[in-house]
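For reference, the chains in residue letters:
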Amino acid sequence: MENDEWKSKLTPEEYKVMREKGTELPFSGRFLKTDAKGTYICKACGNELFSSDAKFDSGTGWPSFDNPAILENVKLVGDNSFDMHRTEVKCAKCDAHLGHVFNDGPTQTGKRYCINSVCLDLKEQ
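Residues numbered from 1 in each chain as written. Predicted model: local features only at pLDDT ≥ 70, side-chain atom pairs only at ≥ 80, totals over all residues. Heavy atoms only, no water.

K.L.:
I keep staring at the overall build of the chain and nothing clicks. Help me out?
P.N.:
Helix and strand counts for the chain come out as 2 helices and 9 strands. Counting across all 125 residues of the chain, residues that qualify as buried make up 46%. Long-range pairs, those at least 24 residues apart, make up 52% of the contacts in the chain with a sequence separation of at least 6. Here the chain displays about 7000 Å² of accessible surface, and carbon together with sulfur accounts for 46% of that area. Averaging the positions of the 17 positive and the 20 negative side-chain charges in the chain gives two centres separated by 0 Å. (Helix = DSSP H or I, 4+ residues; strand = E, 2+ residues; numbered from the N terminus. Buried < 20%, exposed > 50% of the residue type's maximum accessible area, 1.4 Å probe, protein only. Contact = heavy atoms within 4.5 Å. Areas by Shrake-Rupley, 256 points an atom, 1.4 Å probe, with all protein chains shown as cover. Lys, Arg positive; Asp, Glu negative; His and termini not counted. Charge placed at Lys NZ, Arg CZ, Asp CG, Glu CD.)

Okay, here's the thing in structure tokens:
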């Protein structure tokens, strides 16, 4: 999909985060405090990303997950922006920026997928 198509499909905030690798303000996302059961999908393409069972409160200001629902549905890419070494999380289907993954999670996986709410929809069970 071309940039003009993305701009017509996404809101300005969604476009900034998902196509320009922006970040929503901490503690502002609609899914930060959500405890509804279901599957979080990519807002841009509907790709299944995370189960609500993998969600936890990291206290960082963004929804956090310890594992993708289907590992192949996310793509991990090195990100050296802002003089930091991080690992970017992208949707494997549409290449949308979702957030970053860190190795400081509190569960057995040791992972904290820190994901922007604006990139997600929730298919409730």
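Still more to cover.
K.L.:
How do you make sense of the packing of aromatic side chains when you look at a structure like this?
P.N.:
Describing an aromatic ring pair means giving the distance of the ring centres and the angle of the ring planes. Overall, the coordinates contain 4 aromatic pairs when judged by the stated rule. On the numbers, 5.3 Å between centres and 85° between planes, the contact of Phe31 with Tyr40 is edge-to-face. Note on accessibility: Phe31 and Tyr40 belong to one class, buried. Through a chain of ring-to-ring contacts, three or more aromatic side chains come together here, namely Phe31, Tyr40, Phe50, Phe65 and Tyr113. (Phe/Tyr/Trp six-rings, centres within 6.5 Å; stacked < 30°, edge-to-face > 60°.)

K.L.:
How do you make sense of the sheet that holds strand 1 (residues 38-42) when you look at a structure like this?
P.N.:
Note on sheets: strands pair through backbone hydrogen bonds, and any given pair is parallel or antiparallel. Judged by pairing direction, the sheet is antiparallel, and its 3 strands sit side by side in the order 2-1-9 without closing on themselves. Because the sheet does not close on itself, it has two edges, and the strands there are strand 2 (48-51) and strand 9 (120-124). The mean inter-strand angle of the sheet, taken between neighbouring strand axes irrespective of direction, is 30°. (Pairing = 2+ DSSP bridges. Axes fitted to C-alpha atoms, helices over the stretch in contact; angles between N-to-C directions.)

K.L.:
Hey, could you run me through the pattern of salt bridges in this one?
P.N.:
Note that side chains of opposite charge can pair when their charged atoms are close. For the structure shown, the criterion picks out 9 salt bridges. Asp79 is the salt-bridge partner of Arg86, the closest N and O atoms lying 3.4 Å from each other. Taken as a pair, Arg86 and Asp79 share a single burial class, namely buried. One continuous salt-bridge network, built from bridges that share partners, spans Glu14, Arg30, Lys43 and Asp121. (Salt bridge = Lys/Arg side-chain N within 4 Å of Asp/Glu carboxyl O.)

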